[in-house]
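Here is how the chains run, residue by residue.
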Amino acid sequence: MVSRPLEPLWLPALLAAFLAAGCSRPDRSDHLWGKRGVQDGDFVRPRAAVIDRQDRLWIVDFTARIQAFDLDGRHLGITFRTPDFRNGRPSGLGLDRYGQLIVCDSHYHCLRVYSPEGVEVRMIGGVAGKEPGQFGYISDVVQDTDGFYYVSEFGENDRITKLDPDGRLVACWGRAGVGPGEFQRLRALALGPDGFLYAADACNHRIQVFHLDGTFVREFGGEGTDLGRLSYPYDLAFSPDGSLYVVEYGNQRIQKFTAGGQPLGVWGAPGGAPGQLNRPWAIVVDGRGRVHVIDTENHRVQRVRF
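Each chain has its residues counted from 1, following the order in which its sequence is written. Totals for whole chains, interfaces and linings use every residue, but because this is a predicted model, local features are given only for residues with pLDDT of at least 70 and side-chain atom pairs only at 80 or more, for both listing and counting. Side-chain numbers come from the whole structure's heavy atoms, not from hydrogens or water.

### Section: the overall build of the protein chain
Then comes step 1: For helices the rule is a DSSP run of H or I covering at least 4 residues; for strands it is a run of E covering at least 2, with both sets numbered from the N terminus onward. When you go through the protein chain residue by residue, the secondary structure sums to 1 helix and 26 strands.
Then comes step 2: In this description the radius of gyration comes from C-alpha coordinates, and the expected globular size is given by 2.2 Å times residues to the power 0.38. Against the globule reference of 19 Å for 306 residues, the protein chain gives a C-alpha radius of gyration of 18 Å, in line with a compact fold.
Then comes step 3: Its C-alpha atoms put the protein chain at 50 × 45 × 35 Å along the principal axes.
Then comes step 4: Note on exposure labels: buried denotes an accessible area under 20% of the residue type's maximum, exposed denotes more than 50%, and partly exposed covers the range between, all computed with a 1.4 Å probe on protein chains only. Every one of the 306 residues in the protein chain was classed for burial, and the buried ones make up 56%.
Then comes step 5: Taking all contacts inside the protein chain whose residues are at least 6 apart in sequence as the whole, residues at least 24 apart take part in 46%.
Then comes step 6: The accessible surface values rely on the Shrake-Rupley method and a 1.4 Å probe; as for residues, cover is taken only from the protein chains in view. Of the roughly 12,200 Å² of accessible surface on the protein chain, 51% is carried by carbon and sulfur atoms.
Then comes step 7: For the protein chain, the separation between the mean place of its 35 positive charges and that of its 37 negative charges on side chains is 4 Å. Any two residues having at least one pair of non-hydrogen atoms within 4.5 Å are treated as being in contact. Only four residue types enter the charge count, namely Lys and Arg as positive and Asp and Glu as negative; His and the chain termini do not. Just so you know, the charge point we use is NZ for Lys, CZ for Arg, CG for Asp and CD for Glu.

Dropping the structure here:
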């Protein structure tokens with residue numbers, strides 16, 4: 001595998017002109033796998049992913065199936081669904097501090113914790129509402145090393161809720177809007193190596209950064225196609241070296257940043273060929289620094305080395 005060099009600052013403008021002329025740029029994938037279908041190993045619009053301590057890649061798709069794969073895309077014989085999905089499907093996955101899988105049961109206003117075998121061992125939440133401690137549409141969750149959960153919501157509630165290890169309310173911040181600490185379609189969360197909480201504020205086309213008590217730290221991004229700008233960031237993940245990767249639903253690409261928000265490069269272009277993306281929803285980074293992007297409308301996964 002030959003890695004593509006990071007792009008100079010003038011290249012995004014040249015790329016935009018190239019695409020406007022009806023052309024497309026095929027970037028290289030380290031590995032590509034998956035297809036549309038309902039059998040084990042297939043996908044129908046995969047939408048969230050996480051890698052556990054055993055290097056298993058968990059993926060949930062639009063049929064509410066949660067499947068386990070190795071990092072080369074081989075199905076590991078585990079497929080299950082949440083108890084009920086008539087109201088809607090889960091759209092977020094996380095890990096607790098013990099390495100267990102957390103499923104954001106978005107339309108059922110709760111978090112479900114599963115054993116490595118896919119057996120539900122715990123539920124947190126489940127009460128719908130606007131009051132702190134109640135939930136609307138849950139989009140993502142992370143847990144820190146002290147056991148505190150951070151839960152993101154959008155729609156009825158545009159906010160982040162902090163819970164203690166027993167699931168009790170600690171803090172709640174955010175509301176609908178465009179100012180610092182306000183959100184429009186808060187899609188995903190990530191804990192940074194600097195100890196801050198990073199939030200993908202999709203419809204505000206930015207990443208917001210917070211102290212773990214909810215105090216606003218900074219933001220970066222802003223709507224656009226140039227390097228450093230964003231269009232509907234749907235997910236974000238840190239690599240072992242501290243770099244931040246953001247997948248953009250709107251620009252249909254991955255962008256690499258420093259934790260401070262300085263852009264370092266881009267990968268991908270719209271389309272269905274290898275190295276192209278079609279409305280990607282999610283991204284994860286493995287222990288070797290390889291990026292796995294959930295190429296949603298192409299019903300597949302692409303692995304990338306920057």
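Next comes the rest of the description.
### Regarding the pairing of strand β2 (residues 48-51)
Then comes step 1: Here β2 shows a buried face lined by Ala 48 and Val 50 and a second buried face lined by Ala 49 and Ile 51.
Then comes step 2: Where β2 and strand β3 (residues 57-60) come together, 4 bridges link them in antiparallel fashion. Each residue of the ladder has a partner; that of Ile 51, found in β3, is Leu 57.
Then comes step 3: Two strands pair if DSSP finds at least two bridges between them. The turn joining β2 and β3, which pair antiparallel and follow one another in sequence, is formed by 5 residues; a positive phi near 60 degrees is taken by Asp 55.

### Points about the pattern of salt bridges
Then comes step 1: A pairing counts as a salt bridge when a side-chain nitrogen of Lys or Arg comes within 4 Å of a carboxyl oxygen of Asp or Glu. Considering all chains together, one arrives at 22 salt bridges under this definition.
Then comes step 2: Taking the shortest distance from any N to any O, the salt bridge between Arg 303 and Asp 30 comes out at 2.6 Å. Here Asp 30 lies in the loop between α1 (11-20) and β1 (31-33) and Arg 303 lies in strand β26 (residues 300-304), a separation of 273 residues in the sequence.
Then comes step 3: Among the ionic pairs, Glu 120 bridges to Arg 112, the shortest N-O distance being 3.1 Å.

### Concerning the packing of aromatic side chains
Then comes step 1: Pairs were defined over the aromatic rings of Phe, Tyr and Trp, the Trp ring being its six-membered one, requiring ring centres within 6.5 Å. Orientation was assigned from the angle between planes: stacked under 30 degrees, edge-to-face over 60, tilted for the rest. A complete count under the given rule lists 14 aromatic pairs for this structure.
Then comes step 2: Seen from their ring centres, Trp 173 and Phe 210 are 6.0 Å apart, and the 50 degrees between their planes marks the pair as tilted. Linking Trp 173 in strand β13 (residues 169-173) with Phe 210 in strand β18 (residues 206-210), this pair joins segments that are 37 residues apart in sequence.
Then comes step 3: A residue is classified by how much of its surface remains accessible, and Phe 210, at 1% relative accessible area, is buried.

### Some remarks on the pairing of strand β19 (residues 216-221)
Then comes step 1: Examined bridge by bridge, β18 and β19 share 5 bridges and lie antiparallel to one another. Opposite Arg 206, over in β19, you have Gly 221 as the bridge partner.
Then comes step 2: Between the antiparallel neighbours β18 and β19 lie 5 residues, among them Gly 214 with a positive phi of about 100 degrees.

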